[in-house]
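If you want the building blocks of each chain, they are given just below.
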Amino acid sequence: LAYNKVNVPRGGEYQLTLSDGSKVQLNSMSSIRFPVQFAQDCRLVELEGEAYFEVEHDTLRPFRVDVHDDAIIEVLGTEFNINAYPENDEIFTTLVRGKVRVDDLQTDSTVVLLPNQQAVLVGTRIDVKEVNPEDYITWINGRFYFEKMTLEEILIQLERWYDLQVFWTDEELKSYEFTGAVWRDNTIRQTLDMIEKTTDVRFTVSGRTVTVNALL
């Protein structure tokens, strides 16, 4: 098979339609490798980062996503989100509609997800929990929702969105937790101002560098 690969840089997004009609939306700092034409018995793509899939139904050719050789997510026809950035220890699979199977390639364990469920693969364990999937796919509409998320996790996302470098003056600031939502078309200063209003941190922005300071 001949393959294509799409790499999305920091601050970018990309949408593509595969040869079977399935649609994929890639978040920033993500990549997907896929055949120009799928084989007759299987539809297999390889993902690193985060992507939202709308898979065309085909009972004869299951659709599989290989997540950097740690997990295989298999579907027949469904909508789901995978968050699998290499710097994270977890792989998150969130099901919007349909049904997916998550296979841990390290232990051969398997779980089947129903709508409104999320599988979290961490190490050799797969945890399944009930979620509101809309909270995990807001990024496809240019919105970032976070609930009890640490400041470090939030700024990692903002680094990808705005192509930034973040420096911390105090490591303890990373563990601060926040709940809220921001729009991607905000400027980085607008987004940081919103966080400042509800926290004891201040941000200094110089070009594409953000320094996180404790409020004295």
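Relevant structure appears above.
Here's a quick rundown of the structure. (Residues numbered from 1 in each chain as written. Predicted model: local features only at pLDDT ≥ 70, side-chain atom pairs only at ≥ 80, totals over all residues. Heavy atoms only, no water.)

**A look at the nonpolar core**
Reasoning step 1: Formed by 32 residues in total, the largest nonpolar core has its most connected members in F53, V65, I73, F80 and I82.
Reasoning step 2: Among the elements that line this core, the one with the most residues is strand β5 (residues 43–54), at 4 residues.
Reasoning step 3: Listed in part, the 27 residues of the second largest apolar core include F146, L151, L155 and Y162. (Core = buried A, V, L, I, M, F, W, Y, C linked by side-chain atoms within 4.5 Å. Buried < 20%, exposed > 50% of the residue type's maximum accessible area, 1.4 Å probe, protein only. Helix = DSSP H or I, 4+ residues; strand = E, 2+ residues; numbered from the N terminus.)

**Observations regarding the packing of aromatic side chains**
Reasoning step 1: This model, assessed by the stated rule, comprises 5 aromatic pairs.
Reasoning step 2: Measuring from centroid to centroid gives 5.4 Å for F144 and F146, while their planes differ by 50°, and the two rings are tilted. By the burial criterion, F144 is buried, and F146 matches it.
Reasoning step 3: Measuring from centroid to centroid gives 5.7 Å for F144 and W161, while their planes differ by 65°, and the two rings are edge-to-face. With F144 in strand β14 (residues 143–150) and W161 in helix α1 (residues 151–162), this residue pair connects regions lying 17 residues apart in the sequence.
Reasoning step 4: Joined through ring pairs, the aromatic side chains of F38, F53, F63 and F80 make up one cluster.
Reasoning step 5: The ring of Y3 is capped by R33, whose NZ or CZ atom sits 3.9 Å from the centre of that ring. (Phe/Tyr/Trp six-rings, centres within 6.5 Å; stacked < 30°, edge-to-face > 60°. Lys NZ or Arg CZ within 6 Å of the ring centre and 35° of its normal.)

Interpretation note: all reported values are geometric properties and have no functional meaning in isolation.
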